[in-house]
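Residue strings, one per chain:
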Amino acid sequence: MTASLNKEFGKVGVLFGGRSAEREISLMSGAGVLKALQSQGIDAHPFDPAHRSLAELAAEKFDRVFIALHGRYGEDGTLQGALEQLGIPYTGPGVLASAIAMDKAMTKRVWLHNGLPTPDFVMLAADSDWDAIAKRLGLPLIVKPAHEGSTLGLTKVTTVEALPQAYAQAAKFDKAVMAEAFISGMELTCPVLGAGENARALPVVRIVAPDANYDYQNKYFSDETKYLCPSELPPAQEKQIQQLVLESYRTLGCRGWARADVMVNAKDNQPYLLEINTSPGMTSHSLVPMSAATAGMSYEALCVELLRMAALDLQPSPDWKV
Ligand SMILES: Nc1ncnc2c1ncn2[C@@H]1O[C@H](COP(=O)(O)OP(=O)(O)O)[C@@H](O)[C@H]1O
Ligand SMILES: [Mg+2]
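Analysis parameters
Residues numbered from 1 in each chain as written. Chains lettered and ligands numbered in written order. Predicted model: local features only at pLDDT ≥ 70, side-chain atom pairs only at ≥ 80, totals over all residues. Heavy atoms only, no water. Donors = N, O, S within 2.8 Å, 3.2 Å for Na, K, Ca; no water. Helix = DSSP H or I, 4+ residues; strand = E, 2+ residues; numbered from the N terminus. Buried < 20%, exposed > 50% of the residue type's maximum accessible area, 1.4 Å probe, protein only. Pairing = 2+ DSSP bridges. Domains from an automatic or database assignment. Axes fitted to C-alpha atoms, helices over the stretch in contact; angles between N-to-C directions. Contact = heavy atoms within 4.5 Å.

1. As for the coordination of the magnesium ion (ligand 2)
Phase 1: Here the magnesium ion (ligand 2) is held by the protein donor atoms Asp261 (OD) and Glu275 (OE), which lie 1.9 to 2.1 Å from it. Pair noted here: Asp261 is in strand β12 (residues 257–265) and Glu275 is in strand β13 (residues 271–277), with a separation of 14 residues, a long-range link. For the pair formed by Asp261 and Glu275, the shared burial category is buried.

2. Focus: the pairing of strand β8 (residues 185–193)
Phase 1: For β8, a buried count of seven out of nine residues is recorded, marking the element as mostly surrounded by other parts of the structure.
Phase 2: With three bridges connecting them, β8 and strand β10 (residues 205–208) associate as antiparallel partners. Counterpart to Leu188 in the pairing with β10 is Arg206.
Phase 3: Bridge count between β8 and strand β9 (residues 200–201): two bridges; the pairing is antiparallel. Looking at β9, one finds that Val192 is bridged to Ala201.
Phase 4: Count of turn residues in the β8/β9 antiparallel hairpin: six residues, of which Gly194 carries a positive phi of about 110 degrees.

3. Considering the domain arrangement of the chain
Phase 1: Per the domain assignment, the segments of the chain are domain 1 (2–91), domain 2 (101–115 + 185–278) and domain 3 (121–181).
Phase 2: On a C-alpha basis, the centroid separation for the pair domain 1 and domain 3 is 35 Å.

4. Focus on the sheet that holds strand β1 (residues 11–15)
Phase 1: Strand order in the open sheet formed by three strands is β2-β1-β3, and the pairing between neighbours is parallel. Since the sheet does not close on itself, it has two edges, and those belong to β2 (43–47) and β3 (64–67), each with one partner. With direction set aside, neighbouring strand axes in the sheet form an average angle of 30 degrees.
Phase 2: Set on the sheet, helix α4 (residues 78–86) makes contact with β1 and β3; between it and β3 the angle comes to about 175 degrees.
Phase 3: The strands touched by helix α12 (residues 299–308) are β1 and β3; relative to β3, the strand with the most contacts, the crossing angle is about 130 degrees.

Here's what the structure looks like:
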């Protein structure tokens with residue numbers, strides 16, 4: 001079994017660390033993935049793009065790579081483009097899907113165009129008409145940077161007067177800042193594995209903050225946050241969320257894997273897509289491994305399946321000559 005995996009995959013690079021704000025998480029994700037792949041007899045090697053040129057991947061004849069980088073330069077399509085140029089198959093979505101998913105506003109435009117529910121939003125500028133924005137989206141509302149990995153710039157705004165300050169705070173992290181209608185209710189996240197018709201949603205994870213009220217600080221910095229998987233949702237609702245997340249994934253042209261965040265409006269149970277992460281965390285506490293475990297898939301089996309789906313967007317043309 002293990003010898004055959006070694007043969008199937010050849011020399012494997014696990015890309016982790018990197019140059020984004022999420023470097024620390026990536027170091028943990030990558031260490032876990034590397035260990036898991038090696039435990040299956042796969043010839044896997046660590047590779048930190050913050051310290052080495054990607055050209056070395058080709059020079060050292062890596063056959064495929066597992067991307068365990070998060071945020072910019074790892075999850076945003078730029079690395080995927082470089083790997084396309086080098087001809088080295090990689091895990092997760094391709095160039096276009098990765099680049100769109102990194103931009104929350106662009107992602108929402110694609111979803112809305114395809115009739116998928118996501119909270120109403122507007123892009124902000126220093127001279128925005130704050131009253132008009134509060135009127136359109138209602139209060140409270142959320143102000144956030146459009147690009148992922150910038151959670152620090154996110155604010156829940158409860159008064160019109162607080163809007164310019166929230167904008168200024170988000171603008172410190174990103175040129176593109178958006179205001180989004182606030183959805184009060186259950187928070188869920190759900191992974192998808194596979195490509196096209198073969199893509200399938202894994203069990204939904206429900207995130208329960210210590211405080212019934214929305215509290216960003218609590219949610220990310222408290223040990224009391226609970227993650228329920230199985231989600232304990234009624235089976236029909238679990239299916240509805242899985243189907244929605246699967247459509248959100250296919251609409252963006254994802255392959256390999258991703259994990260979408262969803263809020264369910266407490267008033268009418270309507271789910272809203274917030275964003276999709278195309279290189280989710282793989283630490284021992286991360287949510288995709290948790291969901292996979294509920295589906296009966298071990299962390300090791302998950303890593304092997306992701307590596308097996310490594311691919312390139314582009315196939316060399318059959319009649320190509322120099
Ligand atoms: N429109 C919204 N309504 C309610 N809560 C939100 C909204 N947007 C973001 N949040 C909260 O903020 C968290 C982070 O937002 P998200 O859009 O997922 O960005 P990121 O995870 O990249 O920081 C969400 O998990 C959710 O708890
Ligand atoms: Mg999120």
